[in-house]
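Observations on the three-dimensional arrangement
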Amino acid sequence: MNTKTLLSLLKVKKTYGNFPDAVEHISTDSREVDRNSIFVAIKGHQADGYDFIPDALHAGCGFIVSDRYYDTGDDAGIVIVKDPEKVGSLFAEYIYDFPHEAMTMVGVTGTNGKTTVSTMIHSLSRAMGKNSAYLGTNGFLINEDRQASLNTTPESVRLHHRMDEAAGAGAEVFAMEVSSHGLKLGRVAGINFDIAIFTNLSQDHLDFHPTMEDYGFTKGLLFSQLGQNMKERKYVILNNDDPWSGKYQRMTPHEVITYGMDESSDFYPTDIDGSLEGFNFTLNTPEGAYHVDSPFIGEFNIQNLMAAIISEWVQGYDLEKVIEAVKIMDPVEGRLEVLDKTLPVNLIIDFAHTPDALEKIMDTVKPFAEGRLIFLVGMTGERDTTKAHAMGEIASRADIAIYTPDNPANDDPAMLVELLEAGAGADNYRSFTDREEGIRYAVDISEPGDTIVLACKGREPYQIMENYVKVPHRDDLIALDAAYRKYRPDEYL
């Protein structure tokens, strides 16, 4: 890409030094740049990209984007702009030739359900014979090839790189989670979404958003940014059971399709029946009623599934064919996932880490718990601690509650546990400042027929400890190790 062309895109800027004639790559990571790259110095939560300009120059990078001056010498140029991340996104669009235009872009936002709905869409797209990509908390997938992803919604330059990878691999659909952080920080600015989905809104991220109103309206950016061009066929899919959907409906001129648990919605279920093996129901649609056999557990997953089915329908797929594909879908990793169904206990992991999500897990699992229900929750460090009281109270509705920290970072693990204890509604809990100890205790005290729920982390592969050090950790592997040692000692040891 010609650098003069890129610089001409900016009306307001200051340039210093000498720029290369052309570039082929752009990054916010100084370890990924060379002479053919642009380094964008953005200020993150833990580090300031400005401090890494010397590293980028040492690597031979000749094109720097920053909000402050740095003397690059004679072998490189720097452009000073007000918003480096937005400019980086603009440059990435041109360098990678607008990759999102080559795919059907599906954005999913909401407090809970983003990962599940996005993954369901990816799975259904594959079942419909499409090459597909997914980006979110569970990583980055192109068809069945998985890579790790650091953020639910990556910073804008990294996001464009992911889209370029997906488009280059032939992806026809790109389903991604769109977090409130990603929207407020402008990470998805300029992306031309074709389908926008809202799952629900409940208390979360009040360490980042000053109020619930700010949190809610930030989510609405996904719908308002669909634009006003009615020549483009775009669709908004809203959860009719959540009052915020009424606000979002007014933010867009594009067609709105609703789903919910009663007949006021365009898509709604009846005749619901289920177990810990899955739920089945009748799906009522504008095209008639269909029987759905679903491997997913819980009424909230019926909502998630309806959103995913609608996303396929608006792309032109036959509803009967889509619903038939639901039968063979795999469970979403770390989301109400039952581990090793041959064990004499129901061992379940889930990512739920808000009061609303935990309430739904409790309401789903408790009716099917034949023995005791053992429920473990954790409180995250350096986050909105006002939700801890409610989380502790919900967990204490089980027969046995277990409280632990979750990614304590620089907060005191004992303090995080005490916040959960303050919500306990009964003296039926045990607390551990080490999450692994809490998990092993939950399994060790279990008896055949019991149900164990390990909430808050799903398959997240680490714990964030002091100084933001990521220590390897997997709830599922720890729990399975403890369960095999307890219930299959001769076979396992």
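Here the residue numbers are simple positions, counted from 1 along each chain's written sequence. With the structure being a predicted model, the display of local features is reserved for residues of pLDDT at least 70 and the display and counting of side-chain atom pairs for 80 or more, all residues being used for whole-chain, interface and lining totals. Derived side-chain values reflect all non-hydrogen atoms in the structure, with water molecules and hydrogen atoms excluded from consideration.

**Looking at the packing of helix α15 (residues 435–444) against helix α16 (residues 475–487)**
- To define axes, lines are fitted to C-alpha atoms, for helices over the stretch in contact only, and angles between the resulting N-to-C directions are given on a 0 to 180 degree scale. A run of H or I in DSSP becomes a helix once it reaches four residues, and a run of E becomes a strand once it reaches two; helices and strands are each numbered from the N terminus. Direction vectors running N to C along α15 and α16 enclose 35°, while the axes themselves pass 9 Å from each other. You can see that α15 and α16 cross each other, and the crossing is right-handed. Here α15 contributes Arg 435, Glu 436, Ile 439, Arg 440, Val 443 and Asp 444 to the contact with α16, which in turn contributes Asp 475, Ile 478, Ala 479, Asp 481, Ala 482, Ala 483 and Lys 486.
- Among the residues forming the contact of α15 with α16, the class breakdown is six nonpolar, no polar and seven charged. Crossing handedness is read from the near helix: turned anticlockwise from the far helix by less than a right angle, it gives a left-handed crossing, and turned clockwise, a right-handed one. Note on contacts: a residue pair qualifies if any of its non-hydrogen atoms lie within 4.5 Å across the two residues. Asp, Glu, Lys and Arg are counted as charged, while Ala, Val, Leu, Ile, Met, Phe, Trp, Tyr, Cys and Pro are counted as nonpolar; the rest, among them Gly, fall into the polar class.

**Observations regarding the sheet that holds strand β17 (residues 337–339)**
- As summarised here, the arrangement of the six strands in space is β17-β18-β22-β19-β20-β21, forming an open sheet in which the pairing is mixed. The sheet is open, and its two borders are formed by β17 and β21 (429–431), each paired with just one other strand. Pairwise comparison of adjacent strand axes, ignoring direction, gives a mean angle of 20° for this sheet.
- Sheet strands in contact with helix α12 (residues 355–365) are β18 (346–349), β19 (373–380) and β22 (451–454), and its direction is about 170° off that of β19. Strand pairing is assigned whenever DSSP detects at least two bridges linking the two strands.

**Description of the UniProt feature "binding site: UDP-N-acetyl-alpha-D-muramoyl-L-alanyl-D-glutamate" (unreviewed entry) in the protein**
- UniProt positions are given in the numbering used here, feature names are shortened, and annotations may be inferred rather than shown by experiment. As annotated by UniProt and renumbered to match this structure, "binding site: UDP-N-acetyl-alpha-D-muramoyl-L-alanyl-D-glutamate" (unreviewed entry) occupies Ser 30, His 45, Gln 46, Ala 47, Asn 151, Thr 152, Thr 153, Ser 179 and Arg 187.
- Mapped onto the secondary structure, Ser 30 falls in the loop between β2 (25–27) and β3 (37–40).
- To sort residues, take the accessible area from a 1.4 Å probe on protein chains only and compare it with the maximum for the residue type: under 20% means buried, over 50% means exposed, and anything in between is partly exposed. Under the relative-accessibility criterion, Ser 30 is labelled buried at 9%.
- Setting aside chain neighbours within four positions, we find Ser 30 in contact with Phe 39, Phe 52, Asp 55, Ala 56 and Ala 59.

**Side note on the packing of helix α4 (residues 114–127) against helix α10 (residues 299–314)**
- Where α4 contacts α10, the axes come no closer than 9 Å and their chain directions differ by 45°. With respect to α10, the element α4 is oriented oblique. As α4 packs across α10, the resulting crossing turns out to be right-handed. Mapping the contact onto sequence places Thr 116, Val 117, Met 120, Ile 121, Leu 124 and Ser 125 in α4 and Asn 301, Asn 304, Leu 305, Ala 307, Ala 308, Ile 309, Ser 311 and Glu 312 in α10.
- Residues belonging to the contact of α4 with α10 are distributed by class as follows: eight nonpolar, five polar and one charged. The scheme is simple: roughly parallel for angles under 35 degrees, roughly antiparallel for over 145, roughly perpendicular for 65 to 115, oblique for anything else.

**Examining the sheet that holds strand β15 (residues 278–285)**
- Pairing is antiparallel in the open sheet, where three strands are placed in the order β14-β15-β16. Both edges of this open sheet fall to β14 (268–275) and β16 (288–294), since each of them pairs with a single strand only. Taken pair by pair, the neighbouring strands of this sheet meet at an average axis angle of 10°, ignoring direction.
- Inspection of the sheet shows β14 paired to β15 by six bridges, in the antiparallel sense.

**Quick look at the pattern of salt bridges**
- Counted as salt bridges are all cases of a side-chain nitrogen of Lys or Arg within 4 Å of a carboxyl oxygen of Asp or Glu. This model, assessed by the stated rule, comprises 27 salt bridges.
- A salt bridge links Asp 67 to Arg 68; its shortest N-O distance comes to 2.9 Å.
- What makes Asp 67 partly exposed here is its relative accessible area of 35%.
- With a closest N to O distance of 3.8 Å, Arg 146 and Glu 333 form a salt bridge. Here Arg 146 is found in strand β9 (residues 145–147), whereas its partner Glu 333 is found in the loop between α11 (319–326) and β17, with 187 residues between them in sequence.
- Accessibility expressed as a relative area gives 33% for Glu 333, which makes it partly exposed.
- A network of salt bridges, in which partner residues are shared, links Glu 337, Arg 459, Arg 474 and Asp 476.

**So, helix α14 (residues 413–421)**
- Of all the positions in α14, only Leu 416, Val 417 and Leu 420 are classed as buried. Looking straight down α14, one finds that the buried residues subtend no more than 95° of arc, so they occupy a single side.
- On the buried face of α14, the contacting elements are β19, α13 (388–395), β20 (400–406) and β21.
- Here a polar contact means two N or O atoms within 3.5 Å. Within protein one must be a hydrogen donor candidate and the other an acceptor candidate, and residues neighboring in sequence count only if both atoms are side-chain atoms. Its side-chain oxygen placed 3.1 Å from the backbone nitrogen of Ala 414, Asp 412 serves as the N-cap of α14. The arc in question is the one traced by the directions running from the helix axis out to the C-beta atoms.

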